[in-house]
Number of protein chains: 2
Amino acid sequence: MKKVAVVLSGNGVFDGSEIHEATLTLYSIVKNGGSYEIFAPNIEQHHVINHITGETMPEKRNVLVESARIARGKIKDLASFKSGDYDALIFPGGFGVAKNLCSFAFDNIDCKVNKDVEKAIRDMFEQKKPIGALCISPVLLAKVLGHIELTIGHDKGTADAIRKFGATHKETNHGEVVIDKKNKIVTTPCYMLDATIAQIGDGANNLVKAIFELI
Amino acid sequence: MKKVAVVLSGNGVFDGSEIHEATLTLYSIVKNGGSYEIFAPNIEQHHVINHITGETMPEKRNVLVESARIARGKIKDLASFKSGDYDALIFPGGFGVAKNLCSFAFDNIDCKVNKDVEKAIRDMFEQKKPIGALCISPVLLAKVLGHIELTIGHDKGTADAIRKFGATHKETNHGEVVIDKKNKIVTTPCYMLDATIAQIGDGANNLVKAIFELI
């Protein structure tokens, strides 16, 4: 059975993992005959956003503890991730990727990447194991790996940043995936477009199928 | 287009809505050609559970604000729910149903039901519009409506309580639904069983299909 490590960044689109993308990624992995384990870094969230008002809330939350809500408690600290144990690595999207896993939301091309996130990406890449990224997550791969081919849909600002990292951006629409066969990188835009939840399901499913063909 | 109101109870299986059930319900509604609006009561959560340790955390969270994370901000206070605007009502599961929407987790058959939740159920029932409930949510319907036919899988304690409410319990397995045609109630056990996320998707999809046939 193909075993996938899924990395979360919190629990909620505006300060953590996008919940539909995370859930539909897990669903697609199992529906396509695979299994998953879930990881997140054990760090404080950049901030906590009230998802109704968009305002910052005066409290602190931990990325691993909040991600555990999506994982139903079955989650591991990303610091313990061993690339040898998995066939593939997938990053669902959400602002948490650009706020907690790296600082792209604030620092654009000068962003820093969490060291455990960077190590997981580099280790899988060096072992020629496929890596998938949904929504905004491809920026993480572009920052760490540079010369890869990927998509974030058709947001010009983000595509420009991706090119400055040395990566090639290909425009895509709902449910489409870009497969960089040479580097074993699969990406899909999901909520980087104004999508329905059914289109998110299509994107996640197409991404997982493409990943499984690269294993 | 069939329009469904979905009622959430927070964001996380142990103190709110079960995230996979909630997400896969929304996904099934859209995949089957419907649309949804999301509601939650504007009340404080009973408590906040650390989903890794299972321990209570010393903080307060609001059911509507946390549910908004699953809804990507598009959510309404359940106090504003108008049954005339919707063709069906669905309750995903999670302990939040038994802790925030009613007090079944603490008071068993003596539980109290949130007044806006009770009104939404009664209004839809009186207008002969279908109501769906996943996982533990059927207890809510049994408490409010009494003589209906439903399932929570095969948990003896919960089934006994449901019978004491005057309802009839039918045992089910993964993905199966019980359809009470006379009362237009559809239920499925989901994570009341030791299920995979793919089985949750099957249950949610079968429930939504059955609901749509009753509209």
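Residues numbered from 1 in each chain as written. Chains lettered and ligands numbered in written order. Predicted model: local features only at pLDDT ≥ 70, side-chain atom pairs only at ≥ 80, totals over all residues. Heavy atoms only, no water.

(A) Region of interest: the packing of aromatic side chains. All names here are of chain A. Counted according to the given criterion, the structure contains 11 aromatic pairs over all chains. Relative to Phe95, the ring of Phe14 has its centre 6.4 Å away and its plane inclined at 40 degrees; by these criteria the two rings are tilted. One end of the pair, Phe14, is in the loop between strand E1 (3–7) and helix H1 (19–31); the other, Phe95, is in helix H3 (residues 95–101), with 81 residues separating them in the sequence. On the basis of relative accessible area, Phe14 is assigned to the partly exposed category, the value being 27%. Under the relative-accessibility criterion, Phe95 is labelled partly exposed at 41%. (Phe/Tyr/Trp six-rings, centres within 6.5 Å; stacked < 30°, edge-to-face > 60°. Helix = DSSP H or I, 4+ residues; strand = E, 2+ residues; numbered from the N terminus. Buried < 20%, exposed > 50% of the residue type's maximum accessible area, 1.4 Å probe, protein only.)

(B) Here's a closer look at the state of the cysteines. Residue and element names in this part refer to chain B. All chains considered together, the criterion is met by 0 disulfides over all chains. This cysteine, Cys190, is not joined by any disulfide, and Cys135 carries the nearest cysteine sulfur, 6.6 Å off. Cys190 sits in the buried class, given a relative accessible area of 5%. (Disulfide = S-S within 2.5 Å.)

(C) Quick peek at the packing of helix H8 (residues 197–214) of chain A against helix H1 (residues 19–31) of chain B. Close contact between H8 of chain A and H1 of chain B brings their axes to 8 Å; oriented N to C, the two are set at 105 degrees. Taken as axis vectors, H8 of chain A and H1 of chain B run roughly perpendicular relative to one another. For the pair H8 of chain A and H1 of chain B, the contacting residues are Ile197, Ala198, Gly201 and Asp202 of chain A in the first and Thr23, Leu26, Tyr27, Val30 and Lys31 of chain B in the second. (Axes fitted to C-alpha atoms, helices over the stretch in contact; angles between N-to-C directions. Parallel < 35°, antiparallel > 145°, perpendicular 65-115°, else oblique. Contact = heavy atoms within 4.5 Å.)

(D) Region of interest: the relation of the copies chain B and chain A. With an RMSD of 0.0 Å, chain B superimposes on chain A once it is rotated by 180 degrees and translated 0.0 Å along the axis. In the structure described here, the two chain copies are related by an operation that fits a two-fold rotation axis. Considering only C-alpha atoms, the part of chain B nearest the rotation axis is Thr23 of chain B, at 3.5 Å. Take the interface residues of chain B: 100% of them recur as interface residues in chain A, which is what a same-surface contact looks like. (Least-squares fit on C-alpha atoms with pLDDT ≥ 70 in both.)

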